[in-house]
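# Summary of the model geometry
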Amino acid sequence: MRFENMGHVEAIARAALGDGRGRETLAMLDILESLLAERGGIVSRAAFAMAMNVGLFHDLIGRVPSGRAYVGDALAQGRRIVFDHGALRTIRFPDGPTGALPGGEDAFTRIFLPLGYEMAAVYPLDRLRMTGRAYRHVDMPDSIPQFFLSELHVDRFDESFAQAAARVFGGSRDPLDDRAKDVLRRYEAHEAVHLADAIAVMPTILSAFDRHHAPPSFEDYQLLLGQSNEAAWIATEGNAFNHATDRVADVAALAERLKAEDRPMKERLEISSSGRVRQTAFRADRVERPFADGTTRAVSGSFFEFISRDIDPETGTIDLAFDTGNATGIFAMTGAAR
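Okay, so let's go over this structure. (Residues numbered from 1 in each chain as written. Predicted model: local features only at pLDDT ≥ 70, side-chain atom pairs only at ≥ 80, totals over all residues. Heavy atoms only, no water.)

Here we come to the environment of Phe304. Along the chain, Phe304 falls in strand 10 (residues 303-309). Between the C-alpha atoms of Phe304 and Val71, which are 233 residues apart in sequence, the distance is 9.7 Å. Apart from residues no more than four positions distant in its own chain, Phe304 is found in contact with Phe57, Leu60, Ile61, Val64, Gly67, Tyr70, Val71, Ile81, Ala244, Asp246, Ala281 and Phe282. (Helix = DSSP H or I, 4+ residues; strand = E, 2+ residues; numbered from the N terminus. Contact = heavy atoms within 4.5 Å.)

In structure tokens:
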């Protein structure tokens, strides 16, 4: 495949996903024209970040049939998806890394910060014994998807939970190789990253959004599940995209239509304390996952979310904030069957 006549986002996405799947995924998304138009030998951090998000959206849709069906319906109606944000879950041990993987959000801030993201806000999720943080792109905050990156704090649970978590997550590997780390270092240092290097490392960067530990024992899975649906989810899904989100004009009307179509909808809308951010979601699809004894079992996978954002009257721009109450309600979409 020749990339000379393609924009950088398209070239990197099609190289990483394959020509057909790359074109198909790009056609699903409403991407800012100036991002798609970037060409030349040097890839901006914004174009690399957008291409990464295209790859992550492709992965999510491939794992979430309900989301894939929704996207198909939207395209049939002539509307592309406005990719608002994606969500990730991580594990934070009190004494450092998770095996070879940096602990908690550190596994991803080493990717996000060099690519132009900054932490926009912290959201305590105390009921879940987690902390959420929003990462927003500095260059194009309302056009490049945000990340809602959460950490589950092992030290807020009892000793039996901590021991099970250590058995499950303690052998995690680091997916990033030296070449990927070097490209991230160059972005962090504001050095030039050539298209060939961006294309070469994108599959490795995307591989960071996956499970990096061995399948758990069913006993440890149940022990984690007994105290935290979120820990059990990470045990089988790892750091995969937990959900991707379509930004729509009227999420309440959309929710009513999807309920009438008998889609697997959340029962009620989540409304932020400001009233400007409203969210709902499909319930997580069930997936078959392996366990250490060689069996597979049906567990909760990922899901698709919907959000409406109003203009913040103080700034005159779209309100890109999240909300602790909203997030806690949305997290319940992956509640696992015990």
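Let us keep going from here.
Another point: the nonpolar core. Met52, Phe112 and Phe304 are the most contacted members of the largest nonpolar core, which has 69 residues in total. Tallying contributions element by element places helix 4 (residues 45-63) first for this core, with 12 residues. Beyond its immediate stretch of four places on either side in the chain, Phe112 contacts Met52, Leu88, Tyr117, Tyr135, Phe147, Leu149 and Phe209. (Core = buried A, V, L, I, M, F, W, Y, C linked by side-chain atoms within 4.5 Å. Buried < 20%, exposed > 50% of the residue type's maximum accessible area, 1.4 Å probe, protein only.)

Take the packing of helix 10 (residues 218-227) against helix 11 (residues 229-237) next. Where helix 10 contacts helix 11, the axes come no closer than 6 Å and their chain directions differ by 150 degrees. Accordingly, the angle class assigned to the pair helix 10 and helix 11 is roughly antiparallel. Residues Tyr221, Leu224, Leu225 and Gln227 of helix 10 pack against Asn229, Ala231, Ala232, Ala235 and Thr236 of helix 11. Grouping the amino acids of the contact of helix 10 with helix 11 by side-chain chemistry returns six nonpolar, three polar and no charged. (Axes fitted to C-alpha atoms, helices over the stretch in contact; angles between N-to-C directions. Parallel < 35°, antiparallel > 145°, perpendicular 65-115°, else oblique. Nonpolar A, V, L, I, M, F, W, Y, C, P; charged D, E, K, R; others polar.)

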